[in-house]
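Examining the three-dimensional arrangement
This is what each chain is made of:
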Amino acid sequence: MNAVVDTKAADKVTYENNKLHKRLCRLVGQAIGDFNMIEEGDKVMVCLSGGKDSYALLDILMTLRERAPINFEIVAVNLDQKQPNFPADVLPRYLTELGVAFHIENQDTYSIVKRLIPEGKTTCSLCSRLRRGILYRVADELGCTKIALGHHRDDILETFFLNMFFGGKIKGMPAKLVSDDGKHVVIRPLAYVKEEDTERYAAVKNFPIIPCDLCGSQENLQRKQIKAMLRDWEKKHPGRVENTFSALSTVVPSHLMDRALFPFAEIKADGVANPLGDIAFDEEPCSTTTSVPGVIPLQATADQ
């Protein structure tokens, strides 16, 4: 009896794991298609940090490469920044066993950061800038046409709220962009993927995770606040986070206030009805009674 129960449990786990893999492949494939991230003949440099997200990105891209109707190359690149206790043997061994082309770039940015940033201050910003410049150079040297980063949906949302709350900007983390130097196209194929899925996938695949706190730097406290806020929303208000992410791709410039984005100064009444125009005297942007699929209705306040 126990053997039968164990077999059923194992089958269920296998089924759920396969479903997770299919979902990741579908979401990554959708993002690649939506933003035309990868084209015929591309050489994609996958930036591999040793964290769960970049491992998942490499794994899914390798799967999609075998199924794609186009031909493209993959080269995994890791930047060894010479942090103390960094296990330099882990990634070369893993990538060799995987059979993927790879390059390990050795640059002591750790010493530079520790010299320039006062003790106790967050080093992530400078470390990121130094790393970015090095990876751009490596992309040139390897002849890569695309640079793939492992940022997922939650990273994109957190960046959006960080910019809004602390930077005073409606600005996120795009799924595809041209690099600072204008020479490279940077892509984020995990743009539609939830962090909880990369966490689970990493456990399923047993990736050899390298912790990101080797340098002893504190995690960005503002980002931690935003992450906690989003997780609290997801727990208390299911669907709110999903709606917010959807809003990033459903922007109405005429209903914001950026004069560089929309010619407000030139607006004049032309007598032509516009069903998408503003309903000038509504107190709320949407009805609290009408049920619209995928949209959370506004909650009535106590005095309504």
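Up top you'll find the structure we're talking about.
Anyway, here's the lowdown on the structure attached to this text.

**Some details on the packing of aromatic side chains**
- Under the criterion given, the structure shown has ten aromatic pairs.
- Between F160 and F161, the aromatic rings sit 5.1 Å apart at their centres with planes inclined by 70 degrees, giving edge-to-face as the arrangement.
- In this structure, R240 packs its charged tip against the face of W233, placed 5.0 Å from the ring centre.

**A few points about unusual backbone geometry**
- Phi angles above zero are rare outside glycine, and N85 is one such case at about 70 degrees.
- Phi angles above zero are rare outside glycine, and N206 is one such case at about 55 degrees.
- Tracing the backbone shows N206 in the loop between α7 (195–205) and α8 (221–236).

**With respect to the nonpolar core**
- Of all hydrophobic cores here, the largest spans 51 residues; its most connected members are L58 and L61.
- No other element matches the eight residues that helix α2 (residues 52–67) contributes to this core.
- Not counting chain neighbours up to four residues away, the residues in contact with L58 comprise V46, L48, I74, A76, L95, L98 and V100.

**With respect to the environment of C212**
- Its location among the elements puts C212 in the loop between α7 and α8.
- The exposed category is assigned to C212, whose relative accessible area is 77%.

Cut-offs and rules
Residues numbered from 1 in each chain as written. Predicted model: local features only at pLDDT ≥ 70, side-chain atom pairs only at ≥ 80, totals over all residues. Heavy atoms only, no water. Phe/Tyr/Trp six-rings, centres within 6.5 Å; stacked < 30°, edge-to-face > 60°. Lys NZ or Arg CZ within 6 Å of the ring centre and 35° of its normal. Helix = DSSP H or I, 4+ residues; strand = E, 2+ residues; numbered from the N terminus. Core = buried A, V, L, I, M, F, W, Y, C linked by side-chain atoms within 4.5 Å. Buried < 20%, exposed > 50% of the residue type's maximum accessible area, 1.4 Å probe, protein only. Contact = heavy atoms within 4.5 Å.

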